[in-house]
Structures are given as C-alpha cells and as structure tokens.
Amino acid sequence: MANYWNREIECMSREDMKKLQDERLVAQVKHVYENVPYYKNLMDEKGVTPDDIKSTDDLHKLPFLTKADLREAYPYGLLAKPLSECTEIHSTSGTTGKRVVAFYTKNDIDLWHDCCARAIVAAGGTKDDVCQVAYGYGLFTGGAGLDGGSHKVGCLTLPMSSGNTERQIQFMMDLESTILCCTPSYAAYIGETLKEMGYTPDDIKLKAGIFGAEPWTEEMRREIEKSLGIKAYDIYGLTETSGPGVSFECSEQTGMHINEDHFIAEIIDPDTGEVLPEGSKGELVFTSITKEAFPLLRYRTRDICVLTREKCSCGRTLIKMCKPMGRSDDMLIIRGVNVFPSQIETVLIEQGYAPNYLIEVDRKNNVDTLDINVELTEEQFSDTVKDIQKKEAELVEAIKTILGINPKVHLVSPKTIARSEGKAVRVIDKRKLHD
Amino acid sequence: MFIKQISIFVENSQGKILPITKALADANIDIRALSVSDTRDFGILRMIVADCDKACSVLREIGCAVAVNEVIGVGVDDTPGGFSKAIEVLNDAQISVEYVYAFISRTENMAYVILRVEDNEIAAKALRDGNIRLITQEDILSM
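Quick summary incoming for the structure in this document. Small disclaimer: the values here were computed from a predicted structure and weren't measured.

## Quick look at unusual backbone geometry
Alright, step 1. Cis geometry is found at the peptide bond from Tyr74 of chain A to Pro75 of chain A, where omega equals -5°.
Alright, step 2. Inspection of the secondary structure puts Pro75 of chain A in the loop between helix H4 (67-72) and strand S1 (86-91).
Alright, step 3. Although it is not a glycine, Arg302 of chain A adopts a positive phi angle of roughly 70°.
Alright, step 4. Secondary-structure assignment places Arg302 of chain A in strand S12 (residues 299-308).
Alright, step 5. Given 20 C-beta atoms within a 10 Å radius, Arg302 of chain A is considered buried.
Alright, step 6. The phi dihedral of Asn131 of chain B is positive, around 60°, even though this residue is not glycine.
Alright, step 7. Residue position: Asn131 of chain B is located in the loop between helix H4 (120-129) and strand S7 (133-135).
Alright, step 8. Judged by the 9 C-beta atoms lying within 10 Å of it, Asn131 of chain B falls in the exposed class.

## Some remarks on the pairing of strand S6 (residues 110-117) of chain B
Both faces of the sheet carry side chains from a regular strand, because those side chains alternate between them.
All names here are of chain B.
Alright, step 1. For S6, the buried fraction is high: six of the eight residues fall into the buried class.
Alright, step 2. Two elements, strand S4 (residues 66-77) and S6, share six bridges in a ladder whose sense is antiparallel. Within S6, the residue paired with Gly73 across the bridge is Ile114.
Alright, step 3. Across seven bridges, the pairing between strand S5 (residues 97-104) and S6 is antiparallel. Note on S6: the bridge partner recorded for Tyr101 is Ile114.

## Observations concerning the nonpolar core
All names here are of chain A.
Alright, step 1. Formed by 93 residues in total, the largest nonpolar core has its most connected members in Ile120, Ile179, Cys181, Ala187, Ile210, Ala265 and Phe294.
Alright, step 2. The leading source of residues in this core is helix H5 (residues 106-122), at nine residues.
Alright, step 3. When sequence neighbours within four positions are dropped, the list of residues in contact with Ala265 reads Ile258, Leu284, Phe286, Leu307, Ile319 and Met321.

## Thoughts on the packing of H5 of chain A against helix H6 (residues 141-153) of chain A
Residue and element names in this part refer to chain A.
Alright, step 1. At their nearest, the axes of H5 and H6 sit 7 Å apart, and the two run at 75° to each other. Considering the angle they form, H5 stands roughly perpendicular to H6. Within the contact between the two elements, H5 uses Ile109, Trp112, His113, Asp114, Cys116, Ala117, Ala119, Ile120 and Val121 and H6 uses Gly145, Leu146, Gly148, Gly149, Ser150, Lys152 and Val153.
Alright, step 2. Its residues assigned to classes, the contact of H5 with H6 comprises nine nonpolar, five polar and two charged.

Criteria and thresholds
- Residues numbered from 1 in each chain as written.
- Chains lettered and ligands numbered in written order.
- Predicted model: local features only at pLDDT ≥ 70, side-chain atom pairs only at ≥ 80, totals over all residues.
- Helix = DSSP H or I, 4+ residues; strand = E, 2+ residues; numbered from the N terminus.
- Buried ≥ 20, exposed ≤ 12 C-beta atoms within 10 Å, placed from the backbone.
- Pairing = 2+ DSSP bridges.
- Core = buried A, V, L, I, M, F, W, Y, C linked by C-beta atoms within 7 Å.
- Contact = placed C-beta atoms within 7 Å.
- Axes fitted to C-alpha atoms, helices over the stretch in contact; angles between N-to-C directions.
- Parallel < 35°, antiparallel > 145°, perpendicular 65-115°, else oblique.
- Nonpolar A, V, L, I, M, F, W, Y, C, P; charged D, E, K, R; others polar.

Treat this as a map of the structure, not an account of what it does.
Shown next as structure tokens:
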C-alpha cells in the first residue's frame, strides 16, 4: 500500500496538474515582474512581459537565471517580499566569492516543510515514527527542511544535527529511532560505526532513511541499506529552490517525484538553452510557482538529468527525475559542499603558487577525499623542510577557509603537471558516481 | 667564510633523483657533499658542489626548483667524540641546529660537518670561541 501525505496533489491527473501549474505560473511571473527589478530587467531585455505568459506552454519565453545571477544580486537583489515579511534564511555551503542566500516567508517555510513531509511519508513515515534528523542544522537547508517535515508528519523528531556519531547511535538505540535523515555519506559512516561498536542492524529499530544533498550511487544505497537494515530513499533539492524536498523517492526507488504543484521542471540543452522533450538527457531547470520571498524563474541547476512521466507503481502522477548524472559546469560536490576548481586556483595564485594543479576526488570508506597536487615554485621552496611545510600548511588552511573542507595538498616539481593544448584537465573524479 | 649549499626539491617517488644527478654528471660538476631529507610527499636534496652557479643553471634548465643558501662547515677530528665537541659548543651557546650532515675527505684525518643554523654569524662566533675549526668554500674546493 502506498503512503501519501497529500493524495490529491500527488496523484492528481496530468490535466488538473497542468491547470494548477498554469494558474500558479501566471501569478508567480506577475509577482516576480512587479517585485524583482533584477528579473524584470532580464525580461525587458528579452522583450517579454507578464502578459506573454498565459500558461506553462509559454514558460520557454522566460529568460534563465543562473548561479552567477544569484551571486550578482546578492544579498537582496532577487528578494520579492519586504524583509519584514521574511522569517528565515538559508545559505549554500560553498563560498565562491559570495554566498547564495535564500529568503523565506512564513508561508514559504510552510510549503517547504510540506514538501519534506511528502518525502517522509513516501518513505513510510507516520506520526508513530521516531525521526532522527542528522543533517546539519543552521544555515544548511538539510536539517531545517527535514526537521520541519518531520514535525508536520507528527513524528517524534530528534534534532541531532550531524556529528558525534556514537551519541547518534546511542539515541538511535535508546529512543528507538525508525527513520534517519542525513547525507548518504554520513549514513554510511553511522553504519560503519554501528558495526565497530559491536552492534548489528538487529540492535536498532531503523526502517527507513532519507538521504540527499550529495551524489550517491546505487551501490552505496545497497551498502547503507545492509549496514543499517533499512530501505534508503533519495531526496533532492537546492538551497536556491528552498532546500530538500523539491523531489523525493517513493517505494519504487527508480527516480524522484518532483513536487510539481510548487516547481516546474524542464530539461534543456546546456549549450543552446533549447528545451528538450521528455526522456532527453540535459540540464535540469526549475521554476518555482508558489514562492513568496525568493521565487526563481527558470533557474539552471547545472545538474544533468532525465525526466520521465512513465507510470509509477506507487500511484503518484508527479513527474520523476533520475539521480543527477553529472554537472554541466565543473562544480564538484565533495562531502556535501559545492566546490569549483576556480576557487582552489584563486587561493593558489594568492599564495604565490603556479596556477597549475590537479584535483583528485575519491571516496574512501564512503567518505569523500580531496587531494590537490600543486606545482611548487622557487618562491615557496627553501632548504628546510620546516619552511616548506609551514607554507604548505598555510595553503591548506587558506583552501579550507574558502571551501569549508580540509584538502590534502601534495607538492610536486615545477612544470610537471600536464599542460594540454585545449581545456586543461584539472579534476580527476575517481568516485564513479555515475554510470 | 660560509659555504654555498644548493637545495633541490625532489618528489618522493621512484626515479626522481636520477635526472638531477645525471644533469650534474653531464655538466661535469663534482658533488663534494650530499644529504637528503624526506617527508611523505617530497624530499630536499642538499649538496655542496664544486661550481654552485653552474649547477643551479643546469638544474633549472631541467625544471628543478632550486634554492641556494649559506651554511657553516666545521672540521672535527675523525675520532670518537670529535663531532660531539662542536655540538656541545653550540648547545652551550643555545644555538639550535636545523639540520646537519657530514662528509670525510680523502686526505686529512678530519671529518667535515655541514651545519644549518638560524644565524650563521652568531654560530660561527660561538664555534670559533670554542676552538672549533671552520672551513670555507675554498677549503672544500681544494679537498
């Protein structure tokens, strides 16, 4: 038997859903045009007015928004409500120059938590469950989103935040948690720690996990399911579009249902911007249709993805997206943190190193590793190990400050990192996250 | 009065020293003293050579990161306790030693020790006052 949080919406006929989306899109475009000068300018430049958008069929006429727009408009440029109407903010983990900050009104929060509630119910959650939220709380959307969703469903919510793994396991046992929400890599780590502490999945009461905020594989899913004795569900979202809960997995585990009553998804050709038909592989673009404070029209996620309307055994009619299959830019997601190679390059140049480097990302024991090979220049070189290691430590610290994660730096001889004629190979991702 | 030392960055992996020694050999540069210190990722090859300037240019040509600095050379009796005397003098003067390496010559019954300290002048004075023989670049070239 399938579980729904909002059966009417989740199983709505395509026809009714389109009608709902049409109405909401028209209102959302009007709201943005009137309240966000930044986007109004983009529309004016393209010669599009709100009157041109009569239904979702006109969506393609609207200009795109990119992460660069969000940074340029930081912090208030895309805000569509007075700050006095806003009650919450969240922010992206990465810090490429400026952060992306998203604003929420009370109603935005309510709808966001509702989306997360759908994900929890789809994973089998009810008010009788004990939901352990081990996503980070704070600026990160993970903790706040699932916490809110769990409250909506009426679960006993354990606001653990991430870290302190032995305590997580202690609570899991003592309070008999049945649902775990965290990043997949943290779930894997909890599974390992459980084993190290001498327990088996039979010693805990967990039945399901809702894991997102970073790419993970089917293989990793099986490992987590085995180590914790659960069924593991994927959840997708971006800070820009509110956070987790934009889409969520059902019992079929073959993709994530997009909450189409709040977000319209498109797949485009990342090079031309042309909208591609259902089933095509391309860049995922989202348009919010119910947002008050931070509405985004045609926001390019840079995630490469496929959408499908094939009938789902769970009964939901919401369109499904596959796990993101890669990125249309060079962004890496390492331990849940967005990393652009250019951020590392900037630090290298600031510290007097050559802008020649090779980033190696791997996943060892289900934890992402970041190794950076850096060409030494004579300015950094000295006859004592102490001096070189001091400079190396300063470099590590500077990168850590920018990225928020600790890299391993390896110094190599000058001019030994391969130069290529065309686009330099700066990144080797050994994680094999995509087929 | 101090001795010019050349230091070369070497990645800590197989086959990385050979191009350096080969370049010096091809340029007919004699290595008088040598030491390597290593970390997990890299090592520093330190040498006293007959022609420091030439060695530098040869090594830079093959892409090495090279540093040149002055170190102290002392001559001690090639008998038990000879080196300890020099260290004792530095210790008494509260001078710490960054690194040290030794070499022996073909002729005299002396051992030579290269010392890297924070301040060459202060260390040299302490050693002289302690009756430790300092050697110069010329001494090394004539060995």
